[in-house]
Each structure stands twice: as C-alpha cells, then as structure tokens.
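Here is how the chains run, residue by residue.
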Amino acid sequence: MHPLTSYLRRLIRHKRSNLCVSADITNADEMLALARAVGPSIVVFKTHADILSGWDPDPVHGTGAKLAAIARKYLFLVFEDRKFADIGFTVQLQYAGGVHRIVDWAHIVNAHVISGPDVVRALQEAADSWGGEEINEDVGDAQESGSDTWKLPSKRGLLLLAQMTSAGNFLNEEYTSNCVAIARQYREFVMGFIALKPLNSQPEDDFIVMTPGCSLPPEESLDDSEFVPGSEDALGQQYVTPKELILRGCDIVIVGRGICNATDPSAKAEQYRGVAWQAYEERPKL
Ligand code: 6AU
C-alpha cells in the first residue's frame, strides 16, 4: 500500500472524518484562514493554487510553507487539484517549478491520463527527486498506535481522474478501466482515483476514492449556500448527498462551495463531517 494511503486511512479513523474541503476561493490569505477554520474537521484540504491572488512563493515563509504548517498542526493532507494533463516533460516542470512549486507543499496531486501513462511516470520521477523528509507528528491521544508520535511519510501521492462529475464528460467505462490499469502499473505512486464509486476489483487493489459533487439535502442544510442533490449548478456540476457517496463505498467526499460559501464554514464542515462519518459507520465493513 502507498504509505500516504495507510497514513490517510489512519487519519480517517483518528479524526472520525471522511471529509475533504475544496478551497474554491480566490485569495491566498483567505485560503489559509479557511484551512485553519476547517482543519479540525477534515482529513484532506484541496487547493487550486492557480486561482489564488496574493500567492507568496517564498519557500520558507510563503503560502505553501504556511499551508504545510497548518496541515501539520491540524493533521490533514494537502491535495493540489492541478489536474496535470500534458506530455511528461511539461508536467514535470509544472509540478516542481514555476511560482507554485507544488511538489514542495502538496502531499497529493491529481492527473488526467488523456496523454497516456507516461504522465504518471513523469510525475513520479519529479516526486522521487523532491528532497522532503519524513516528519514526526505529535498527535496527542493516538488511539490505536500505542504511541503519540506518527510519521508523516515523505512520499508524494497521485490520484488519477477516472470519472468526473460534470454533465456530458467523456470519461466512459473503457477510459475508466484504462485508468485503473495504469494505476496498477504505478502502485507505488498512485494512491487512487477521483471517481464516483470505488474501483478496486483485484485482491491486491487498495486504491482510495475521493468524490466531489457533494451536497447536503435541503432539510439538513444550515443555510442556502448549497446546491440540491440530484440537481446541477449553472455550469453542469452534478450533486449527490454525502451519505449516498459514502454508502456507495467512496472513502472521502470533497465539498467546495457548500462549505466555502456557508456563513460559518467551520460549523458547516463539522456538519458534513458528522453526516459522512455516520454513513461510514453504518456502512457494512468489508
Ligand atoms: O463542491 P463544488 O462543486 O463547489 O466543488 C467541487 C470541486 C472543484 C472541482 O474542481 C473538483 O471538486 N472536481 C474534481 C476534482 C477534485 O478533481 C473532479 C470532478 O470530476 N469534479 C469536481 O468538481 O474544486
């Protein structure tokens, strides 16, 4: 199993959370404030670095380093939703270079395999040449470990976009199964998928599935910031409830605007965490 996958599964049990908040906001300082506000309720914090104004590129005191420090404090993983999709040579530069230097601060990134399997090999090479170190984390009352120090693995992980939530997308069944085949080829780097349901079908498969397009039903919603499950936003995003996604077997639900646009994002994140966790506990264990 990918070391970040076992770390994440442990985090899920420890924080009783299957929630990823997607920081779909456009200012770097507001993104950091959101990370602090929802930190206690989440296991993954998802960013779109390229939508942020005010990104500070300083490797030690800049935005990426600050986010990594918040992630260590509240115990969550950072997922930069960069959706790499180019030739291998280019994605290596996009991953490790430029203003954002994503590999320095994001534990997880995602990629389309539209350009073929070498996009995965290229990203893996860039991740392997990154010089990060294992970090000891003090987690207070680590229930199952018998010690209160966890090691955050120094490895980076990748999710492949095997299915999408947007209406009319072209990721058909054949494409999805090709994605799974590529993931199996690169198990030491690929943690799993963005998909609508679990895609494990062989005994040795242990891929994580993270699923966006998630919204509370109106009767459970604290405010009207959300889209109604079963409906679409104005641009074709399709929604399902967190309960339905977890009962399908998804590991993590990804929520963006439903939490970012709420009047109290931290209370809203806690509400999503509770609903998703309850469904997780109800779900028959394999
Ligand atoms: O909850 P929302 O609809 O406000 O935000 C959903 C987030 C956005 C999308 O870029 C992302 O999830 N997303 C992805 C990802 C995570 O790769 C894939 C997809 O098929 N649909 C989708 O919405 O930040």
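Residues numbered from 1 in each chain as written. Predicted model: local features only at pLDDT ≥ 70, side-chain atom pairs only at ≥ 80, totals over all residues. Heavy atoms only, no water.

1. Side note on the overall build of the protein chain
Under the convention used in this document: Numbering goes from the N terminus for both helices and strands, where a helix is a DSSP run of H or I of at least four residues and a strand is a run of E of at least two. With C-alpha atoms as the basis for the radius of gyration, the globule rule is written as 2.2 Å multiplied by the number of residues raised to the power 0.38. Should any heavy atoms of two residues lie within 4.5 Å, those residues are considered in contact. The method behind every accessible area is Shrake-Rupley, applied with a 1.4 Å probe, and residues are considered shielded solely by the protein chains displayed. In this tally, Lys and Arg are treated as positive and Asp and Glu as negative; His is ignored, and so are the chain termini. Charge positions are represented by NZ for Lys, CZ for Arg, CG for Asp and CD for Glu.
Within the protein chain one finds 10 helices and 10 strands. Radius of gyration (C-alpha) of the protein chain: 18 Å, near the 19 Å computed for a compact globule of 286 residues. With the C-alpha coordinates of the protein chain rotated into their principal frame, the extents come out at 50 × 45 × 45 Å. Pairs at least 24 residues apart make up 72% of the contacts formed inside the protein chain by residues separated by at least 6 positions. Carbon and sulfur atoms make up 51% of the accessible area of the protein chain, which totals about 12700 Å². Looking at charge distribution, the protein chain has the averaged site of its 27 positive side-chain charges lying 3 Å from that of its 39 negative ones.

2. Topic: helix H2 (residues 28-38)
Defined as follows: Each residue gets one of three labels from its accessible area relative to the maximum for its type: buried under 20%, exposed over 50%, partly exposed in between, using a 1.4 Å probe on protein chains only. Taken from the helix axis, the directions to the C-beta atoms give the arc we talk about. In protein, a polar contact means a hydrogen-donor-capable atom and an acceptor-capable atom, both N or O and within 3.5 Å, with residues adjacent in sequence counting only if both atoms are side-chain atoms; elsewhere, any N or O pair within 3.5 Å suffices.
Taken together, the buried positions of H2 are Ala28, Met31, Leu32, Leu34, Ala35 and Val38. Buried positions in H2, seen along its axis, are confined to an arc of 160° and lie on one side of it. Its side-chain oxygen at 3.0 Å from the backbone nitrogen of Asp29, Asn27 defines the N-terminal cap of H2.

3. Some points on the confidence of the model for the protein chain
For clarity, the cut-off: pLDDT is defined as a per-residue confidence score from the predictor, taking values between 0 and 100.
When the pLDDT values of the protein chain are averaged, the result is 93; 93% of them are 70 or greater. ipTM for the predicted complex: 0.99, alongside a pTM of 0.95.

4. Some remarks on the UniProt feature "active site" (unreviewed entry) in the protein chain
The criterion, for reference: UniProt positions are given in the numbering used here, feature names are shortened, and annotations may be inferred rather than shown by experiment.
Within this structure's numbering, the places UniProt gives as "active site" (unreviewed entry) are Asp81, Lys83 and Asp86. Using a relative accessible area of 27% as the deciding quantity, one classes Lys83 as partly exposed. Look past the residues within four positions of Lys83 in its chain and what remains in contact with it is His48, Asn110, Ala111, His112, Leu161 and Met164. The residue Asp86 is located in the loop between strand E3 (77-84) and helix H4 (88-96) in this model. Judged by relative accessible area, Asp86 falls into the partly exposed class, the value being 34%. When near neighbours in sequence (up to four residues on either side) are disregarded, Asp86 contacts Val91, Gln94, Ser115 and Val119.

5. Let's talk about the sheet that holds strand E1 (residues 19-22)
Short version of the rule: Pairing between strands is defined by DSSP: at least two bridges between the two strands are required. Axes here mean lines fitted to C-alpha atoms, for a helix over just the part in contact, with angles spanning 0 to 180 degrees between N-to-C directions.
The strand order E1-E2-E3-E4-E7-E8-E9-E10 describes a closed barrel built from 8 strands, whose pairing is parallel. Pairs of neighbouring strands in the sheet enclose a mean axial angle of 25°, with direction left out of account. With 4 bridges connecting them, strand E2 (residues 44-47) and E3 associate as parallel partners. For Thr47, the partnering residue across the bridge sits in E3 and is Glu80.

6. Some details on the site of the ligand
Put simply, the rule is: Any residue with a heavy atom lying within 4 Å of a molecule or strand is counted as near it.
Around the ligand sit 18 residues in total, of which Lys46, Thr165, Gln237, Tyr239 and Arg257 are the nearest. In this structure, an oxygen atom belonging to the ligand sits 2.6 Å away from a side-chain N or O atom of Tyr239. Within the side chain of Arg257, an N or O atom sits 2.7 Å from an oxygen atom of the ligand. In isolation the ligand exposes 520 Å². Once the protein is present, 91% of that is buried. Broken down by secondary-structure element, the contributors of at least two residues to the shell around the ligand are E3 and strand E10 (252-255).

7. Brief notes about the packing of aromatic side chains
Rules: What counts as a ring pair is set by centres within 6.5 Å for rings of Phe, Tyr and Trp (its six-membered ring), and what kind of pair is set by the plane angle: stacked under 30 degrees, edge-to-face over 60, tilted for all other angles. Note on criteria: charge over ring means Lys NZ or Arg CZ within 6 Å of the ring centre, with the direction from the centre no more than 35 degrees off the ring normal.
Considering all chains together, one arrives at 6 aromatic pairs under this definition. The interplanar angle of 45° and the centroid separation of 5.8 Å between the aromatic rings of Phe45 and Phe76 together place this pair among those described as tilted. Linking Phe45 in strand E2 with Phe76 in the loop between helix H3 (63-74) and E3, this pair joins segments that are 31 residues apart in sequence. Lying over the aromatic face of Trp130, Arg156 brings its terminal NZ or CZ to 3.7 Å of the ring centre.

8. Here's the deal with unusual backbone geometry
Residues other than glycine seldom take positive phi values, yet Leu75 does so here, at roughly 60°. With respect to the secondary-structure elements, Leu75 resides in the loop between H3 and E3. For Lys83, which is not a glycine, the phi torsion comes out positive at approximately 45°.

9. Section: the pairing of strand E8 (residues 190-194)
The condition that has to hold: When the strands point away from the viewer and the path from the first strand over the helix to the second turns clockwise, the crossover is right-handed.
Along E8, 5 of the 5 residues are buried, which leaves the element largely enclosed by surrounding structure. With 4 bridges joining them, strand E7 (residues 157-161) and E8 adopt parallel strand pairing. When the sheet's bridge partners are listed, Leu159 is paired in E8 with Gly192. Handedness of the E7-helix H7 (residues 173-185)-E8 crossover: right-handed. As paired elements, E8 and strand E9 (residues 208-211) share 3 bridges and run parallel to each other. Looking across to E9, one finds that Phe193 is bridged to Val209.

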